[in-house]
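Observations on chain architecture
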Amino acid sequence: MKKVFLFFIPGLMLLLSSCSSNSDLVSATANYPKVPASFVKSKNLTGTLKGTLKQDSTYYLTGSVAVAKGDTLAIQPGATIIAKGNYQIQVSGTLLSLGTEAKQVTFTSQDASRFTDLATYTGHWGGFVFDSTAVYVYMRFTHVNFTGGPDSSGKAQATFDVSASQTFNGGAHIIVEDNWFYGGIDDGIHLAGNITVSIKRNVFQRLGGPDGETMNIKGGVKGDIAYNYIWSAANNAIKIQTGKVLVPQTNINVFNNTIVDGGFRKVGEATNAILIDAWTRANIYNNIMVGNHTGINITTKADTTNCHYGNNLIYAPADSLSAFIYPSGSHGKKQSTDITGSTLALCNSVFTTWALPITTLPDNTLQDGNVPSLSSGSPAIGKGITSAPFTYFITSLDGKNGTADVLNKDLGAYPTDNSGNKHLPTKQPAL
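Residues numbered from 1 in each chain as written. Predicted model: local features only at pLDDT ≥ 70, side-chain atom pairs only at ≥ 80, totals over all residues. Heavy atoms only, no water.

1. What to know about the overall build of the protein
A count of helical and extended segments in the protein gives 3 helices and 34 strands. Put simply, the protein has 431 residues, and 62% of those count as buried. Taken as a whole, the protein presents about 15,300 Å² of accessible surface, with 53% of it coming from carbon and sulfur. (Helix = DSSP H or I, 4+ residues; strand = E, 2+ residues; numbered from the N terminus. Buried < 20%, exposed > 50% of the residue type's maximum accessible area, 1.4 Å probe, protein only. Areas by Shrake-Rupley, 256 points an atom, 1.4 Å probe, with all protein chains shown as cover.)

Below you can see the structure in the form of structure tokens.
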């Protein structure tokens, strides 16, 4: 797969990995937010915050943090931010979490009971909230763990939440690439409004309690969702909808994702690996869905004329779930290019290792036992479409929308040419 890396601040990662003074920090071009030259001096973070959190340093959320309109908060490689309570990072400006492969940024909880609480659906801190004036979010090589602390009404909060329709300068740019999300209690990524998004090459593990989508995309968002690994979604792994109003229309390309063992924790409702709902247009190609309750559900409320799909592998874990590969009553139907089936043997044939899905509540299975690289004889090898029957949203070299990734000849997030997602599932986070 051809991959063009479009990191929007040339040379920044190299400079940040060795910087020793404010003058070493470079600013972006005129089209992008400047990286603050001033460092945050206090290790205890609370109140209004702007500037830069230093590399290889540990900070503590001792209260909720707000990044004001027009301000930027940048986090350098190797920084760790530990929430000491149910606090939140609220952004009305710009957030840059600039980890690298070698030095990742980590946001986590200090609570020692966090693993037990995953089984009882209790979150520890409030995650990230972006309002209608948020301009730009760039999050790469960042771990975000154990979110979902309750709001004032007692409801679990999303991990990464754009809470209002975007109005600033034609809409916010949300770049979420090469990250790890683990153990949140509600939605993983929730976006609504006039947003351009790139969600690529991330690892999403065990997000949601008895509810909560891994990705909940609606209200006019446009962009690409590609090469992500999603394990054990409580509700839908990828849910896309426009809403009751047709304009602005949500328009998403969903390709080369791997979705495993999801949809079994939701009570009283069948849930989907991919759900395309009200007024949405979408292109769905080259995805792998193994061991989920339901495969692809394109409802009759979607913009069915502009929904295109094919070359997807969908294996259910039992014959009793075969009718849910494309659920009856939906617009979506098996395509001639799809690979489908409903036996344990088929599920076991795709990856290096496949672990049985989670099927009971309450659930104490917190470890991901899958190794979702393709086995040597995998039916997903060579079955992908490579000439896109749609337009990628990420086509330019200006860097505003993240990296440009294209369809691969292999299905899923881990093609055999070692492109796509570079990160296999992690064990329980140490922090």
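2. Some thoughts on the confidence of the model for the protein
Looking at the protein as a whole, its pLDDT mean stands at 88, while 88% of the residues score no less than 70. Taken together, the stretch residues 1-31 has pLDDT below 50 and engages in 79 contacts with residues farther than four places along the chain or on a different chain. (pLDDT = per-residue confidence, 0-100. Contact = heavy atoms within 4.5 Å.)

3. Side note on the pairing of strand β6 (residues 80-83)
Burial of β6 is two-sided: the residues T80 and I82 facing one way and the residues I81 and A83 facing the other way are all buried. The pairing of strand β4 (residues 58-67) with β6 spans 4 bridges and is parallel. Following the sheet pairing, L61 is matched in β6 by A83. Sheet topology note: the β6/strand β9 (residues 105-109) ladder contains 4 bridges and is parallel. Within β9, the position partnered with I81 by the bridge is F107. (Pairing = 2+ DSSP bridges.)

4. Observations regarding the packing of aromatic side chains
Per the counting criterion, the structure on display carries 17 aromatic pairs. Taking 6.5 Å as the distance between ring centres and 0° as the angle between the ring planes, the aromatic pair formed by Y136 and Y138 counts as stacked. Comparing Y136 with Y138 shows no difference in burial state: the two are buried. Ring-pair connections join several aromatic residues into one group, and the members of that group are F107, W125, F128, F130 and F160. The ring of Y59 carries K43 above its face, with NZ or CZ at 4.7 Å from the centroid. The ring of Y60 has K84 sitting right over it, with the charged end atom 5.4 Å from the ring centre. (Phe/Tyr/Trp six-rings, centres within 6.5 Å; stacked < 30°, edge-to-face > 60°. Lys NZ or Arg CZ within 6 Å of the ring centre and 35° of its normal.)

5. Some words on a nonpolar patch on the surface
A surface patch of nonpolar side chains, amounting to about 300 Å² of accessible area, comprises L246, V247 and W279. Position of V247 among the secondary structure elements: in the loop between β22 (238-240) and β23 (251-255). Taking the relative accessible area as the measure of exposure, V247 reaches 65% and is therefore exposed. (Patch = residues over 30% accessible without salt bridge, like charges linked within 9 Å, V, L, I, M, F, W, Y side chains within 5 Å. Salt bridge = Lys/Arg side-chain N within 4 Å of Asp/Glu carboxyl O.)

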